Amino acid sequence: FPSHDIKVKFGTTAKLMNISVEESVGAIETPGEKAIFGADAGTALRNILLKMGAIDVLPEKAQKQLEKYGVNTSIIKDETLSFEERLRELSKVAGDSTAIMQIFGTENATAATVLLNSLGTYEKMTDAVTGTNVAQEQAAINSDTLSAVIGELRAAWENLVIKWSEGTDVAGGLK
């Protein structure tokens, strides 16, 4: 990962969404092509993943946009599929900025637009590290510190609070 801050903000959520390290690298590097870097990229991507994971409980306006474009929400939340397959399904809304804002929120709209409109770049970035150990080695180096562990704990807590506030079933996980 390009920076520790991105890994902490995005990496913990990526694990929860069953996204490989290679897919994570592709997702982080793609917004960088449009000058979305560092903590901004990590936070936006974490929020995008959280919205994708809780796609069934998005506000009514967002649900209507998904229906309008024929997005199959079962594909979006299916963690057995690759992240690219889930993004391709979601990219059906890529040309409509109103739909993107209603689904991902104003603060995440730019990163979501870049990601959904740059699937070729995402695929190229993911392929560049697939079959190598570069991504895993860098992730291991960045994670092997006390501050990284504390950061991951903080990110996990933030994710829990966000999911809880969105009404997803977190209480079962707390047990």
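Everything that follows concerns the structure shown earlier in this document.
Structural notes, computed from the coordinates.

Calculation rules
Residues take numbers from 1 onward in each chain, read along the sequence in its written order. Predicted model: local features are reported for residues with pLDDT of at least 70 only, side-chain atom pairs are reported and counted for 80 or more only, and whole-chain, interface and lining totals are derived from all residues. Side-chain figures throughout are based on the complete set of non-hydrogen atoms in the structure, without hydrogens or water. Three exposure classes are used, based on accessible area relative to the maximum for each residue type with a 1.4 Å probe and protein chains only: buried under 20%, partly exposed in between, and exposed over 50%. Helix and strand labels come from DSSP, where a helix needs a run of H or I of at least four residues and a strand needs a run of E of at least two; each type is numbered from the N terminus. Note on contacts: a residue pair qualifies if any of its non-hydrogen atoms lie within 4.5 Å across the two residues. Axis lines are fitted through C-alpha atoms, for helices just across the contact stretch, and the angle between N-to-C directions can take any value from 0 to 180 degrees. With respect to orientation, any angle under 35 degrees is reported as roughly parallel, any angle over 145 as roughly antiparallel, any angle of 65 to 115 as roughly perpendicular, and every other angle as oblique. In a left-handed crossing the near helix is turned counterclockwise from the far helix by less than a right angle, and in a right-handed crossing that turn is clockwise. Salt bridges are counted wherever a side-chain nitrogen of Lys or Arg sits within 4 Å of a carboxyl oxygen of Asp or Glu. Throughout this description, the term nonpolar core refers to a set of buried Ala, Val, Leu, Ile, Met, Phe, Trp, Tyr and Cys residues connected via side-chain atoms within 4.5 Å. Note on ring pairs: Phe, Tyr and Trp rings are taken, using the six-membered ring of Trp, and paired if centres are within 6.5 Å. Classes follow the plane angle, with under 30 degrees stacked, over 60 edge-to-face and the rest tilted.

## What to know about helix 8 (residues 109–117)
Turning to step 1, where the next piece is worked out: Buried residues of helix 8: A109, A111, A112, V114, L115 and L116, and no others.
Turning to step 2, where the next piece is worked out: In the core, the buried residues of helix 8 are packed alongside helix 2 (21–32), helix 3 (38–53), helix 6 (83–90), helix 7 (97–104) and helix 9 (119–129).

## As for the packing of helix 3 against helix 11 (residues 146–165)
Turning to step 1, where the next piece is worked out: Look at helix 3 against helix 11: their axes get within 11 Å of each other, and the N-to-C directions meet at 45°. Overall, the two elements helix 3 and helix 11 adopt an arrangement that is oblique. The hand of the helix 3/helix 11 crossing is right-handed. Side by side, helix 3 and helix 11 meet where R46, N47 and L50 of the first sit next to E158, N159, I162 and K163 of the second.

## Comments concerning the pattern of salt bridges
Turning to step 1, where the next piece is worked out: Applying the stated criterion to the full structure yields seven salt bridges.
Turning to step 2, where the next piece is worked out: Taking the shortest distance from any N to any O, the salt bridge between K77 and D56 comes out at 2.2 Å. In this pair, K77 is assigned in helix 5 (residues 73–77) and D56 in the loop between helix 3 and helix 4 (60–68), connecting sequence segments 21 residues apart.
Turning to step 3, where the next piece is worked out: Owing to a relative accessible area of 35%, K77 belongs among the partly exposed residues under this scheme.

## Focus on the nonpolar core
Turning to step 1, where the next piece is worked out: Counting 34 residues, the largest nonpolar core has M52, F83, L87, L90 and F104 as the members making the most contacts within it.
Turning to step 2, where the next piece is worked out: For this core, the secondary structure elements donating two or more residues are helix 2, helix 3, helix 4, helix 6, helix 7, helix 8 and helix 9.
Turning to step 3, where the next piece is worked out: Setting aside residues up to four positions removed in sequence, L90 forms contacts with M52, I55, L66, V71, I76, F104 and L116.

## Some points on the packing of aromatic side chains
Turning to step 1, where the next piece is worked out: Per the counting criterion, the structure on display carries one aromatic pair.
Turning to step 2, where the next piece is worked out: Ring plane angle 75° and centroid distance 5.9 Å describe the contact between F83 and Y122, whose orientation is recorded as edge-to-face. Remark: Y122 occurs in helix 9 and F83 occurs in helix 6; sequence separation between them is 39 residues.
Turning to step 3, where the next piece is worked out: A relative accessible area of 1% places Y122 in the buried class.

## A look at unusual backbone geometry
Excluding glycine, residues mostly carry a negative phi; peptide bonds, for their part, are mostly trans.
Turning to step 1, where the next piece is worked out: In this structure, A35 is a non-glycine residue whose phi angle is positive, near 65°.
Turning to step 2, where the next piece is worked out: Along the chain, the position of A35 falls in the loop between helix 2 and helix 3.

Don't take any of this as a statement about function, it's just geometry.
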